[in-house]
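# Notes for the structure review
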Amino acid sequence: MIAQMLLKSKEKSTYKEDAVGEKPIRSVAKALSWRVIGTLDTLIVSYILTGEMAVAASIASVDFLTKMVLYFFHERLWNSIKWGK
């Protein structure tokens, strides 16, 4: 997507094109799918470092919730920025 934006010609976009952005539900779906991947990574790394599955699961659970919320707001903020659209 970034490459497409960079390679896109310098034509002016129309209002209709600019007005269309990601809906919040899409940001939620992206946040959930990314957090599943990230949480599995955190779980594995935490288990390797601690050697205890209960501790690793606790760390991964907190990580899942906090980073999902941060990602959602990060996506919404970037969707409001007109640069590169």
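Structure first, text after, so check above.
My aim in this report is to walk through the structure given alongside it, one point at a time. Note that this is a predicted model, so its numbers are computed, not measured. (Residues numbered from 1 in each chain as written. Predicted model: local features only at pLDDT ≥ 70, side-chain atom pairs only at ≥ 80, totals over all residues. Heavy atoms only, no water.)

### Regarding the overall build of the protein chain
Quick reminder of the rule: Note on conventions: DSSP H or I runs of at least 4 residues are helices, E runs of at least 2 residues are strands, and numbering of each starts at the N terminus. By definition, residues are in contact when any of their heavy atoms lie within 4.5 Å. All accessible-area figures derive from a Shrake-Rupley calculation using a 1.4 Å probe, and residue coverage is judged against the displayed protein chains alone.
The helix and strand inventory of the protein chain stands at 4 helices and 0 strands. Listed N to C, the secondary structure of the protein chain is α-α-α-α in terms of helices and strands. Restricting the contact set of the protein chain to residue pairs at least 6 apart, pairs at least 24 apart contribute 64%. For the protein chain, the computed accessible surface area is about 7100 Å², with 71% contributed by carbon and sulfur atoms.

### Things to note about a nonpolar patch on the surface
Stated formally: Patch definition: residues with relative accessible area over 30% and no salt bridge; like charges joined within 9 Å; nonpolar side chains (Val, Leu, Ile, Met, Phe, Trp, Tyr) joined within 5 Å. By definition, a salt bridge exists where a carboxyl oxygen of Asp or Glu is found within 4 Å of a side-chain nitrogen of Lys or Arg.
On the surface, a nonpolar cluster with roughly 430 Å² of combined accessible area is contributed by Ile 44, Tyr 47, Ile 48 and Met 53. Broken down by element, the residue count for the nonpolar patch peaks at 3 residues, all from helix α3 (residues 24-50). Mapped onto the fold, Ile 44 is located in helix α3.

### Comments concerning the environment of Ala 60
For Ala 60, the location among the structural elements is in helix α4 (residues 53-80). The contacts of Ala 60, once residues within four sequence positions are left out, are Thr 39, Thr 42 and Leu 43.

### Things to note about the packing of aromatic side chains
Let me state the cut-off plainly: Pairing of aromatic rings covers Phe, Tyr and Trp, the last counted by its six-membered ring, and requires centre-to-centre distances within 6.5 Å; plane angles under 30 degrees mean stacked, over 60 mean edge-to-face, and any other angle means tilted. Buried, partly exposed and exposed residues are distinguished by accessible area as a fraction of the type maximum, computed with a 1.4 Å probe on protein chains only: under 20%, between the cut-offs, and over 50%, respectively.
Evaluated as defined, the whole model comprises 2 aromatic pairs. A ring pair is formed by Trp 78 and Trp 83, whose centres lie 6.4 Å apart and whose planes are at 55°; its orientation type is tilted. Accessibility expressed as a relative area gives 43% for Trp 78, which makes it partly exposed.

### Quick notes on α4
We apply this condition: For a helix, the expected span equals 1.5 Å multiplied by the residue count minus one.
Relative to the 40 Å expected for 28 residues at 1.5 Å per residue, α4 spans 40 Å between its end C-alpha atoms, a close match to the ideal helical length. Looking only at α4, the buried set comprises Ala 56, Ala 60, Asp 63, Met 68, Glu 75 and Asn 79. Where the residues of α4 are buried, they touch α3.

### Thoughts on the packing of α3 against α4
Condition: Every axis in this analysis is a line fitted to C-alpha atoms, fitted for helices over the stretch in contact. Angles between the N-to-C directions lie between 0 and 180 degrees. Throughout, the term roughly parallel applies to angles under 35 degrees, roughly antiparallel to angles over 145, roughly perpendicular to angles from 65 to 115, and oblique to all others. In a left-handed crossing the near helix is turned counterclockwise from the far helix by less than a right angle, and in a right-handed crossing that turn is clockwise. Residues are sorted three ways: Asp, Glu, Lys and Arg are charged, Ala, Val, Leu, Ile, Met, Phe, Trp, Tyr, Cys and Pro are nonpolar, and all the rest, Gly among them, are polar.
For the pair α3 and α4, interaxial distance at closest approach is 7 Å and the crossing angle is 150°. What the angle tells us is that α3 and α4 run roughly antiparallel. The chirality of how α3 crosses α4 is right-handed. A class-by-class count of the residues in the contact of α3 with α4 yields 18 nonpolar, 6 polar and 6 charged.

### Quick notes on α3
Residues separated by three or four positions in an α-helix point in the same direction, a consequence of the helix having 3.6 residues per turn. Relative to the 39 Å expected for 27 residues at 1.5 Å per residue, α3 spans 37 Å between its end C-alpha atoms, a close match to the ideal helical length. Among the residues making up α3, those that are buried are Ser 27, Ala 31, Arg 35, Gly 38, Thr 39, Thr 42 and Ser 46. Buried-residue contacts for α3 involve α4.

### Some remarks on the side chain of Arg 35
By the secondary structure assignment, Arg 35 is in helix α3. Taking relative accessible area as the criterion, Arg 35 reaches 5% and is therefore assigned buried. Arg 35 has contacts with Thr 42, Asp 63, Phe 64, Lys 67 and Met 68, leaving out every residue within four places of it along the chain.

Structural measurements only, silent on function.
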